[in-house]
Amino acid sequence: YGGSFNPPHAGHVAVVAHVLATAEVDAVWLVPCPAHAFDKALAPFADRVAMCQEMLGIFAPERVSVSTVEAELPAPARTIDTLEHLRGLHPATRFDLAVGSDILHERHKWKRWPDIDATTRLIVLGREGWPAPHPYTATPPLLSASSSDLRARLAAGQSTDGLLPRAVRAYIDARELYR
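Bear in mind that the values here come from a model prediction, so they are computed numbers and not experimental data. (Residues numbered from 1 in each chain as written. Predicted model: local features only at pLDDT ≥ 70, side-chain atom pairs only at ≥ 80, totals over all residues. Heavy atoms only, no water.)

Asks: Would you mind going over the pattern of salt bridges with me for this structure?
Replies: Pairing between side chains of opposite charge can happen when their charged atoms approach one another. Summed over the entire model, instances satisfying the criterion amount to 10 salt bridges. Among the salt bridges present, the one from Arg 112 reaches Asp 115, with a minimum N-O distance of 2.6 Å. Residue classification places Arg 112 among the partly exposed positions, given a relative accessible area of 35%. Of the residues examined, Asp 115 reaches a relative accessible area of 32% and is grouped as partly exposed. With its nearest N and O atoms 2.9 Å apart, the salt bridge here joins Asp 173 to Arg 169. Taken as a pair, Asp 173 and Arg 169 lie in helix H7 (residues 166-175) at a separation of four residues, close to a single helical turn. Exposure remark for Arg 169: the relative accessible area of 25% places this residue in the partly exposed category. One continuous salt-bridge network, built from bridges that share partners, spans Glu 84, Arg 112 and Asp 115. (Salt bridge = Lys/Arg side-chain N within 4 Å of Asp/Glu carboxyl O. Buried < 20%, exposed > 50% of the residue type's maximum accessible area, 1.4 Å probe, protein only. Helix = DSSP H or I, 4+ residues; strand = E, 2+ residues; numbered from the N terminus.)

Asks: Looking at this structure, how should I read the nonpolar core?
Replies: Side chains that are nonpolar tend, in soluble globular proteins, to be buried together. In terms of nonpolar packing, the biggest core is built from 34 residues, with Tyr 1, Val 16, Val 19, Val 28, Leu 30, Leu 56 and Ile 172 touching the most fellow members. Elements represented by at least two residues in this core include exactly helix H1 (10-22), strand E2 (28-32), helix H2 (45-55), strand E3 (64-66), strand E5 (122-125), helix H6 (147-156) and H7. Ignoring sequence-local partners within four residues, the contact set of Leu 56 consists of Val 16, Leu 30, Val 64, Ser 65 and Val 66. Val 69, Leu 83, Trp 110 and Ile 116 belong to the second-largest nonpolar core, a separate cluster that totals 15 residues. (Core = buried A, V, L, I, M, F, W, Y, C linked by side-chain atoms within 4.5 Å. Contact = heavy atoms within 4.5 Å.)

Asks: Looking at this structure, I do not really get the pairing of E2. What am I missing?
Replies: The side chains of a regular strand alternate between the sheet's two faces. Taking burial as the measure, the five residues of E2 include four buried ones, the bulk of the element. When strand E1 (residues 2-3) meets E2, the two strands line up parallel, connected through two bridges. For Gly 2, the partnering residue across the bridge sits in E2 and is Val 31. Once you follow E1 into H1 and on to E2, the crossover reads as right-handed. Inspection of the sheet shows E2 paired to E3 by three bridges, in the parallel sense. Residue Val 28 lies in a different strand from E3, and its bridge partner there is Val 64. (Pairing = 2+ DSSP bridges. Right-handed = clockwise from strand over helix to strand, strands pointing away.)

Asks: Help me understand H2, please; the structure alone is not making it clear to me.
Replies: Note that an α-helix has 3.6 residues per turn; residues three or four places apart therefore point the same way. Buried residues of H2: Asp 47, Arg 48, Val 49, Ala 50, Met 51, Cys 52 and Met 55, and no others. In this structure, the buried residues of H2 make contact with H1, E2, E3 and H7.

Asks: So what exactly am I meant to see when it comes to the packing of aromatic side chains here?
Replies: The geometry of an aromatic ring pair is captured by the separation of the ring centres together with the interplanar angle, meaning the angle of the planes. Per the counting criterion, the structure on display carries four aromatic pairs. Where Tyr 1 meets Phe 5, the ring centres are 5.4 Å apart and the plane angle is 85°; that geometry is what we call edge-to-face. For the pair shown, Tyr 1 and Phe 5 are each scored as buried. Of the aromatic side chains, those joined through ring pairs into one cluster are Trp 110, Trp 113 and Tyr 136. The positively charged end of Lys 109 is found above the aromatic ring belonging to Phe 38, 5.9 Å away from the centroid. (Phe/Tyr/Trp six-rings, centres within 6.5 Å; stacked < 30°, edge-to-face > 60°. Lys NZ or Arg CZ within 6 Å of the ring centre and 35° of its normal.)

Laid out in structure tokens, this is it:
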């Protein structure tokens, strides 16, 4: 489950819990990107990794973890490069990819999307207002939360109640991120 996780939020927790509960997977790896493929500004990679680890503290560590594998690849790492790298490191493992239905509308921007689609089982998670395009099907929307909205709320000093895991909010406050 890759992304910028800038910051990680309750919607990401819902995705992890949903995938573990409904998909035929042994584990979920969150894979934060060191640099955004489309040059979006990000909080420091180490902070985003730490926030993901804080957020995932509610899950059994053998079932959910954070992977910094993209830091081993030339920046910005693209999904197909990450998948091929992981398959090289773990040839006996099948890697699935959890994506939001909103992301599928941008698949034309992804490097070698047809290869991803042909070689990887997609777990498509519904996002409010973003029906999955044909031929994909998605889960019902899980939780309407977005990192960009949360960054704006944090910068404006507005409430993030119910949207950020407590441990992530404490980390953000301690490090004075997104101000």
